[in-house]
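Listed below are the residues making up each chain.
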Amino acid sequence: MEQTAVIKTYDRMAAAYDLVFSPIFQPGRQRIIDKMNCKPGDRILEVGVGTGVSLSCYPVTTRITGIDVSPKMLERAQRRVRKQQLNHVDLRIMDAQQLEFADASFDKVTAMYVASVVPDPRQMVAEMKRVCRPGGDLFIVNHFSHSHSMIRWLEKVVAVITPLIGFTSDFPLDRFLSDAKISHFDLEPVNLFGYWSMIHARNE
Ligand SMILES: C[S@@+](CC[C@H](N)C(=O)[O-])C[C@H]1O[C@@H](n2cnc3c(N)ncnc32)[C@H](O)[C@@H]1O
C-alpha cells in the first residue's frame, strides 16, 4: 500500500481498532515487552504505536517514544496516555521509514504488527537499526505467510483486499528477513494458534 492509502485506512479504522485488534494481538505485545527485560532508564522506541494499546505494559521507569503516521490512531494513543497518566511516554507523528532521531538514540526498538503495513519494510528495519544503539535489541511481531500451501494460497487471495484490512496477508518470512538483512535472530510463535511470530535480533 502507498503511504497515503495507509494513513487513510488507519484513520478510518481508528475508532474500531481497539475493539477488533486489541485482544487478538495482546499476547504478542506482552511477550515482546516481557522479552525486553526492561531496565530502569531504558530508552525504547515503538514504531507504528497505533492507539497505544501496549503502552501501559511498559515499566514506568523506562522512557518510551511512540511514533505513527496516522493522526487518528495517534490521537487515541494521546488520549490513553493522558487518561492513564503515562508520564514516561512521548508520542509523535512520524514515518517509520524516515525516523527523525539521531543514530543510536534508543536501547530497544520494536515494531508490533507494522512490518506488513509499511510500504517499504526493508527501509523501516534499516531505520530501526540506525536509531538503535549497537548491541541494543530489535523486536518485531507480525504475521508471516503460512507454511501450509492451502492457507498460503488463501492468504494470497485475501491480499487483494489489503487496502480494506490495512495489511498484506501475503508476507513471506524468508523474504522479509533477507530484505531486512536480519541473519541472527530468535523466532517464537505468538497469539492464537501461533499464527504470528516474534523476531528478536541484536543490533549488530
Ligand atoms: C496493525 S496497526 C498496529 C498498531 C499497534 N502497533 C498495535 O500493536 O496495535 C499498524 C500501525 O502502523 C502504522 N503505520 C503504518 N505505516 C507506518 C509508517 N510508515 N510509519 C509509522 N507508522 C506506520 C499505522 O498507522 C497503524 O497505526
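As the structure is a computational prediction, the values presented were derived from the model and not from experiment. (Residues numbered from 1 in each chain as written. Predicted model: local features only at pLDDT ≥ 70, side-chain atom pairs only at ≥ 80, totals over all residues. Heavy atoms only, no water.)

Some points on the overall build of the protein chain
Consideration 1: Helix and strand content of the protein chain: six helices and seven strands.
Consideration 2: The order of helices and strands in the protein chain, counted from the N terminus, is α-β-β-α-β-β-α-β-α-α-α-β-β.
Consideration 3: What you see for the protein chain is a C-alpha radius of gyration of 16 Å, in line with the 17 Å of a compact globule of 204 residues.
Consideration 4: Along the longest, intermediate and shortest principal axes, the C-alpha atoms of the protein chain span 45 × 40 × 30 Å.
Consideration 5: A separation threshold of at least 6 residues defines the contact pool for the protein chain, and within that pool the share at least 24 residues apart is 70%. (Helix = DSSP H or I, 4+ residues; strand = E, 2+ residues; numbered from the N terminus. Rg over C-alpha atoms; globule rule 2.2 N^0.38 Å. Contact = heavy atoms within 4.5 Å.)

Details of the nonpolar core
Consideration 1: Core analysis: the biggest nonpolar cluster contains 31 residues, and Leu-55, Tyr-58 and Leu-91 have the highest contact counts within it.
Consideration 2: Listed by contribution, the elements that provide at least two residues to this core are helix 1 (3-36), helix 2 (71-83), strand 3 (89-93), strand 5 (132-143) and strand 7 (196-202).
Consideration 3: Considering each element in turn, this core owes the most residues, ten residues, to helix 1.
Consideration 4: Filtering out sequence-adjacent residues up to four positions away, Leu-55 remains in contact with Val-49, Ile-64, Val-81, Leu-86, His-88, Val-89 and Leu-91.
Consideration 5: Judged by nonpolar contacts, the second largest core, of 28 residues, contains Val-47, Met-94, Phe-106 and Ala-201. (Core = buried A, V, L, I, M, F, W, Y, C linked by side-chain atoms within 4.5 Å. Buried < 20%, exposed > 50% of the residue type's maximum accessible area, 1.4 Å probe, protein only.)

Here we look at the pairing of strand 5
Consideration 1: Summarising burial for strand 5: nine of the twelve residues are buried, a large majority.
Consideration 2: Of the strand pairs in this sheet, strand 4 (residues 106-112) and strand 5 are connected by six bridges, and their pairing is parallel. The residue bridging Lys-108 from the neighbouring strand is Asp-137, located in strand 5.
Consideration 3: Relative to strand 7, strand 5 is paired through seven bridges, and the arrangement is antiparallel. When the bridges of strand 7 are listed, Leu-138 appears paired with Ala-201. (Pairing = 2+ DSSP bridges.)

Some words on the sheet that holds strand 7
Consideration 1: In spatial order, the strands read 3-2-1-4-5-7-6; together these seven strands make up an open sheet with mixed pairing. The sheet is open, and its two borders are formed by strand 3 and strand 6 (186-190), each paired with just one other strand. Each neighbouring strand pair of the sheet contributes to a mean axis angle of 15 degrees, computed without reference to strand direction.
Consideration 2: Bridge analysis of strand 2 (residues 63-68) against strand 3 gives five bridges, and the strand direction is parallel. Bridging from a neighbouring strand, Ile-67 pairs with Arg-92 of strand 3.
Consideration 3: The strands touched by helix 2 within the sheet are strand 2 and strand 3, with strand 3 carrying the most contacts at an inclination of about 165 degrees. (Axes fitted to C-alpha atoms, helices over the stretch in contact; angles between N-to-C directions.)

Points about the site of the ligand
Consideration 1: The ligand sits among 23 residues. The nearest are Tyr-17, Arg-29, Gly-48, Asp-68 and Ala-96.
Consideration 2: At 3.3 Å, a side-chain N or O of Gln-3 approaches a nitrogen atom of the ligand.
Consideration 3: For the ligand, the protein covers 99% of the area, taking 590 Å² as the surface of the free molecule.
Consideration 4: Contributions of two or more residues to the shell around the ligand are made by helix 1 and strand 2.
Consideration 5: Here the shell around the ligand gets five residues from one element, more than from any other, and that element is helix 1.
Consideration 6: Within the shell around the ligand, the residues separate by chemical class into 15 nonpolar, five polar and three charged. (Near = heavy atom within 4 Å. Polar contact = N/O pair within 3.5 Å; in protein donor to acceptor, adjacent residues only side chain to side chain. Areas by Shrake-Rupley, 256 points an atom, 1.4 Å probe, with all protein chains shown as cover. Nonpolar A, V, L, I, M, F, W, Y, C, P; charged D, E, K, R; others polar.)

Points about helix 1
Consideration 1: A rise of 1.5 Å per residue sets the reference length of helix 1, with its 34 residues, at 50 Å; its end C-alpha atoms lie only 29 Å apart and thus fall more than 12% short of the reference.
Consideration 2: Remark: the principal bend of helix 1, roughly 75 degrees, maps to Ala-16.
Consideration 3: Just beyond helix 1, the residue with positive phi is Asn-37, at close to 50 degrees. (Expected span 1.5 Å × (residues − 1). Bend = angle between axes of the 7 residues up to and from the residue.)

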